[in-house]
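Structural description and commentary
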Amino acid sequence: MKNFLYIFLIVFSITACKSDVDPVESGETALDTEVIEDRTTQFNDDSFEGDGDQQLLAELNICELTDSLEAIADCSPENFKIIPVSDAIPVKDAFILQAKAGIALKGANRPLPPVRHIFVYVRENGSLVQTNGFRGDLIATSKGEKGNDIVLALYLKEDETLFHCLYTWDGERYSFESVEGLDWGEGVKTLKDDMKDSVSNDIYNSIMNSNLIF
């Protein structure tokens with residue numbers, strides 16, 4: 001797989017100035033849509049956005065509700081952020097949870113790796129069940145057919161490339177849709193539609209093999 005990406009990046013860099021790709025302005029995502037919303041998180045808010053966010057964290061039992069004297073992360077907006085998956089579904093029944101890089105979750109054997117983590121939970125038979133997990137940044141959401149689709153920035157260390165990947169909400173979980181753009185150190189470049197089809201599946205397999213999805 002690495003050989004494929006290496007060849008692809010060479011071809012991509014050669015064609016980057018042609019019609020196959022478009023540059024993206026600094027701070028923007030690769031997804032071309034008018035309803036996109038920036039979701040870059042700084043984890044510096046004083047309070048949660050939703051009134052019931054801390055209660056949801058307490059239900060998940062992954063953090064300490066009061067200041068922890070141990071290494072376990074506090075259930076605070078400095079460590080977590082909750083985002084709805086759909087306007088039609090109450091947040092208590094389905095949500096995206098962003099976790100700060102490197103924090104220690106209750107019940108885990110070791111702290112999270114030094115990259116942000118994204119968990120997706122859906123309530124089934126009264127209990128919250130994780131349906132997706134990603135190691136990367138949630139950088140944008142957009143209105144999809146069944147809910148809020150998401151754009152993730154996933155970094156393949158072995159290829160030194162950051163991929164902007166579109167995942168669509170199907171009502172229960174997020175499914176990979178396409179690679180919208182990539183950045184190998186020269187800024188994000190978008191992929192044209194005819195190029196997406198030929199490389200998205202192979203890049204997705206490489207992302208899976210790199211343990212960025214769990």
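Residues numbered from 1 in each chain as written. Predicted model: local features only at pLDDT ≥ 70, side-chain atom pairs only at ≥ 80, totals over all residues. Heavy atoms only, no water.

1. Looking at empty space enclosed by the protein
What the rule picks out here adds up to one cavity of 30 Å³ or more. Tallying contributions element by element places strand β3 (residues 80–84) first for the lining of the largest cavity, with three residues. For the lining of the largest cavity, a count of residues per class yields five nonpolar, two polar and four charged. (1 Å grid on protein atoms, 1.4 Å probe; cavity = no way out; pocket = protein on both sides within 12 Å on 5 of 7 lines; lining within 4 Å. Points joined across faces, edges and corners; volume = space filled by probe spheres on them. Helix = DSSP H or I, 4+ residues; strand = E, 2+ residues; numbered from the N terminus. Nonpolar A, V, L, I, M, F, W, Y, C, P; charged D, E, K, R; others polar.)

2. Here we look at the packing of aromatic side chains
As enumerated under the stated definition, the model contains seven aromatic pairs in all. Their ring planes at 35° and their centres at 5.6 Å tell us that F95 and Y121 sit as a pair that is tilted. Highlighted residues: F95 in strand β4 (residues 94–99) and Y121 in strand β5 (residues 117–124), separated in sequence by 26 residues. In terms of burial, F95 and Y121 fall into one category: buried. Geometrically, the ring pair formed by F119 and Y121 is stacked, given 6.4 Å between the ring centres and 25° between the ring planes. (Phe/Tyr/Trp six-rings, centres within 6.5 Å; stacked < 30°, edge-to-face > 60°. Buried < 20%, exposed > 50% of the residue type's maximum accessible area, 1.4 Å probe, protein only.)

3. Details of the nonpolar core
Looking at soluble globular proteins, one finds that nonpolar side chains tend to be buried together. The biggest cluster of nonpolar side chains holds 28 residues, and the ones touching the most others in it are I96, F134, L152, C165, Y167, Y174 and I207. Of all the secondary structure elements, the ones that give two or more residues to this core are β4, β5, β8 (148–156), β9 (161–169), β10 (174–183) and α3 (193–209). Those residues in contact with Y167 that lie beyond four places of it in its chain are F134, D149, I150, L152, L154, Y174, S175, F176, E177, Y204 and I213. Listed in part, the 19 residues of the second largest apolar core include C63, A99, L105 and F119. (Core = buried A, V, L, I, M, F, W, Y, C linked by side-chain atoms within 4.5 Å. Contact = heavy atoms within 4.5 Å.)

4. Section: the sheet that holds β4
In sheet architecture, strand pairing relies on hydrogen bonds along the backbone and comes in two forms, parallel and antiparallel. The strand order β3-β4-β5-β6 describes an open sheet built from four strands, whose pairing is antiparallel. The two strands at the open ends of the sheet, each matched to only one other strand, are β3 and β6 (127–135). Each strand of the sheet is rotated relative to its neighbour by a mean of 25°, with strand direction disregarded. Sheet topology note: the β5/β6 ladder contains eight bridges and is antiparallel. Looking at β6, one finds that Y121 is bridged to Q130. Packed on one face of the sheet, helix α2 (residues 53–60) meets β3, β4, β5 and β6 and runs near 85° to β4. (Pairing = 2+ DSSP bridges. Axes fitted to C-alpha atoms, helices over the stretch in contact; angles between N-to-C directions.)

5. Observations concerning the side chain of S86
Inspection of the secondary structure assignment puts S86 in the loop between β3 and β4. Among the polar contacts listed, one links the side chain of S86 to the backbone nitrogen of A88, at a separation of 3.1 Å. Contacts of S86, omitting those with residues within four sequence positions, involve K146, G147, N148 and W169. (Polar contact = N/O pair within 3.5 Å; in protein donor to acceptor, adjacent residues only side chain to side chain.)

6. Describing the state of the cysteines
Here a disulfide denotes one covalent bond, and it connects the sulfur atoms of two cysteines. Summed over all chains, the structure comprises one disulfide. Linked covalently through their sulfurs, C63 and C75 form a disulfide whose S-S length is 1.9 Å. Sign of the S-S torsion, about 105° for the bond between C63 and C75, identifies this disulfide as right-handed. Placement of the pair is C63 in the loop between α2 and β3 and C75 in the loop between α2 and β3, with a sequence separation of twelve residues. By relative accessible area, C63 is classed as buried at 3%. (Disulfide = S-S within 2.5 Å.)

7. Side note on the pattern of salt bridges
Charged atoms that come close allow side chains of opposite charge to pair. Taken as a whole, this structure holds seven salt bridges when the rule is applied. The closest approach of N and O atoms between E59 and R123, which form a salt bridge, is 2.7 Å. In this pair, E59 is assigned in helix α2 and R123 in strand β5, connecting sequence segments 64 residues apart. With a closest N to O distance of 2.8 Å, D87 and K143 form a salt bridge. Of this pair, D87 sits in the loop between β3 and β4 while K143 sits in strand β7 (residues 137–143); the two residues are 56 residues apart in sequence, bridging distant segments of the chain. Where salt bridges share partners, they join E59, K92, D93 and R123 into one cluster. (Salt bridge = Lys/Arg side-chain N within 4 Å of Asp/Glu carboxyl O.)

The values are spatial; any link to function lies outside them.
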